[in-house]
Amino acid sequence: NAGVTQTPKFRILKIGQSMTLQCAQDMNHNYMYWYRQDPGMGLKLIYYSVGAGITDKGEVPNGYNVSRSTTEDFPLRLELAAPSQTSVYFCASSYSTSRGNEQFFGPGTRLTVL
Amino acid sequence: EDQVTQSPEALRLQEGESSSLNCSYTVSGLRGLFWYRQDPGKGPEFLFTLYSAGEEKEKERLKATLTKKESFLHITAPKPEDSATYLCAVQVGQGAQKLVFGQGTRLTINP
């Protein structure tokens, strides 16, 4: 199993450009998540999904969009990139449960907006 | 508002010098407290889940404990390979496992 994979690893965007961060998992997890991590800070939840076709906002959703057409993939779309979106983005997945199953994280995408 | 605070922000120890990291939380109904390890340039790696006050879990040189207001990650006789950032998170809400993270403690073990 590859686990959770993310592409690209690094990206530099100009202000106003758009891009999609890709995330895929091969563990047949129903739940998937997107987080951002700013320097010296913990992770903040952007969006999450409890299954194909179902998504919901997390703590910091503004400026982002997601879709979940398959169990495996959960792309994150940035429209009109802004310097405030410079961060490291992590995708994660977990089993369906109401309690305590671990989230498996991808290696992250480091995004810089100039 | 659900909040997680970790202390200290950074900790430098000599190899073999035991210590503890603290995670204080205020949440409306704790459904689980998680500890993760994060190495530079990598995603977090799961260590422990604790559910109720008084619970303890151990893994090699690490032991996590939980009270009604805080959790401790005890590190016994650490080695340089234990150097990492340790993240604490609490689960909030029903259904999906939405986590609120602390800012982390950056631990350095000198040989």
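Below is a short write-up of the structure. (Residues numbered from 1 in each chain as written. Chains lettered and ligands numbered in written order. Predicted model: local features only at pLDDT ≥ 70, side-chain atom pairs only at ≥ 80, totals over all residues. Heavy atoms only, no water.)

## Concerning the overall build of chain A
For chain A, the helix and strand inventory stands at zero helices and eleven strands. N-terminal to C-terminal, the α/β element order of chain A is β-β-β-β-β-β-β-β-β-β-β. Relative to its length of 114 residues, chain A is compact, with a C-alpha radius of gyration of 13 Å against a globular reference of 13 Å. Dimensions along the principal axes, computed over C-alpha positions, put chain A at roughly 40 × 30 × 25 Å. A burial count over chain A gives 45% of its 114 residues as buried. Considering only intrachain contacts with a sequence separation of at least 6, the fraction spanning at least 24 residues in chain A is 55%. By element, 51% of the accessible surface of chain A is carried by carbon and sulfur atoms, the whole surface being about 5400 Å². (Helix = DSSP H or I, 4+ residues; strand = E, 2+ residues; numbered from the N terminus. Rg over C-alpha atoms; globule rule 2.2 N^0.38 Å. Buried < 20%, exposed > 50% of the residue type's maximum accessible area, 1.4 Å probe, protein only. Contact = heavy atoms within 4.5 Å. Areas by Shrake-Rupley, 256 points an atom, 1.4 Å probe, with all protein chains shown as cover.)

## So, the pairing of strand 3 (residues 19–25) of chain A
All names here are of chain A. Alternating positions in strand 3 separate cleanly, Met19, Leu21, Cys23 and Gln25 being buried on one face and Thr20, Gln22 and Ala24 remaining unburied on the opposite face. Alignment of strand 1 (residues 4–7) against strand 3, held across four bridges, turns out to be antiparallel. In the strand pairing of strand 3, valine 4 is matched with glutamine 25. Summarising the sheet, strand 3 and strand 8 (residues 76–78) pair through three bridges and their orientation is antiparallel. Looking at the pairing, methionine 19 lines up with leucine 78 of strand 8. (Pairing = 2+ DSSP bridges.)

## Digging into the packing of aromatic side chains
In total, this model carries eight aromatic pairs over all chains according to the counting rule given. Aromatic side chains tyrosine 35 of chain A and phenylalanine 101 of chain B sit 5.6 Å apart centroid to centroid with 90 degrees between the ring planes, which places their arrangement in the edge-to-face category. Taken together, the residues tyrosine 35 of chain A in strand 4 (residues 31–37) and phenylalanine 101 of chain B in strand 10 (residues 98–101) connect one chain to another. Following the ring pairs from residue to residue traces out a cluster consisting of Tyr33, Tyr35 and Phe105 of chain A together with Tyr36, Phe46 and Phe101 of chain B. Lying over the aromatic face of phenylalanine 74 of chain A, arginine 68 of chain A brings its terminal NZ or CZ to 5.9 Å of the ring centre. (Phe/Tyr/Trp six-rings, centres within 6.5 Å; stacked < 30°, edge-to-face > 60°. Lys NZ or Arg CZ within 6 Å of the ring centre and 35° of its normal.)

## Details of the state of the cysteines
All names here are of chain A. A full pass over the atoms with the stated rule returns two disulfides over all chains. Between cysteine 23 and cysteine 91 runs a disulfide, and the two sulfur atoms are separated by 1.8 Å. Disulfide cysteine 23-cysteine 91: torsion about the S-S bond near -70 degrees, hence left-handed. Placement of the pair is cysteine 23 in strand 3 and cysteine 91 in strand 9 (residues 87–94), with a sequence separation of 68 residues. Side by side, cysteine 23 and cysteine 91 carry an identical accessibility label, which is buried. (Disulfide = S-S within 2.5 Å.)

## Some details on the pattern of salt bridges
All names here are of chain B. For the structure shown, the criterion picks out seven salt bridges over all chains. In this structure, glutamate 56 engages lysine 63 in a salt bridge whose closest nitrogen and oxygen atoms are separated by 3.8 Å. For aspartate 82, the salt bridge identified is with arginine 61, shortest N-O distance 2.8 Å. You can see aspartate 82 sitting in the loop between strand 8 (70–75) and strand 9 (84–92) and its partner arginine 61 sitting in the loop between strand 6 (56–59) and strand 7 (62–66), a full 21 residues away along the chain. (Salt bridge = Lys/Arg side-chain N within 4 Å of Asp/Glu carboxyl O.)

## Quick notes on the sheet that holds strand 8 of chain A
All names here are of chain A. On the basis of which strands lie adjacent, the open sheet formed by four strands has the order 1-3-8-7 and antiparallel pairing. For this open sheet the edge positions go to strand 1 and strand 7 (64–66), each flanked by a neighbour on one side alone. Taking each pair of neighbouring strands and ignoring which way they run, the sheet shows an average axis angle of 20 degrees. (Axes fitted to C-alpha atoms, helices over the stretch in contact; angles between N-to-C directions.)

## A short note on the interface of chain B and chain A
Each partner contributes to the interface: chain B provides 21 residues, whereas chain A provides 22 residues. Around 1800 Å² of area is buried between chain B and chain A when both sides are counted, 53% of it from carbon and sulfur atoms. Between chain B and chain A we count zero salt bridges in total. Taken together, chain B and chain A are joined by two residue pairs in polar contact (both at pLDDT 80 or more). Considered class by class, the residues forming the side of chain B that touches chain A number nine nonpolar, nine polar and three charged. (Buried area = accessible area lost by both parts, 1.4 Å probe. Polar contact = N/O pair within 3.5 Å; in protein donor to acceptor, adjacent residues only side chain to side chain. Nonpolar A, V, L, I, M, F, W, Y, C, P; charged D, E, K, R; others polar.)

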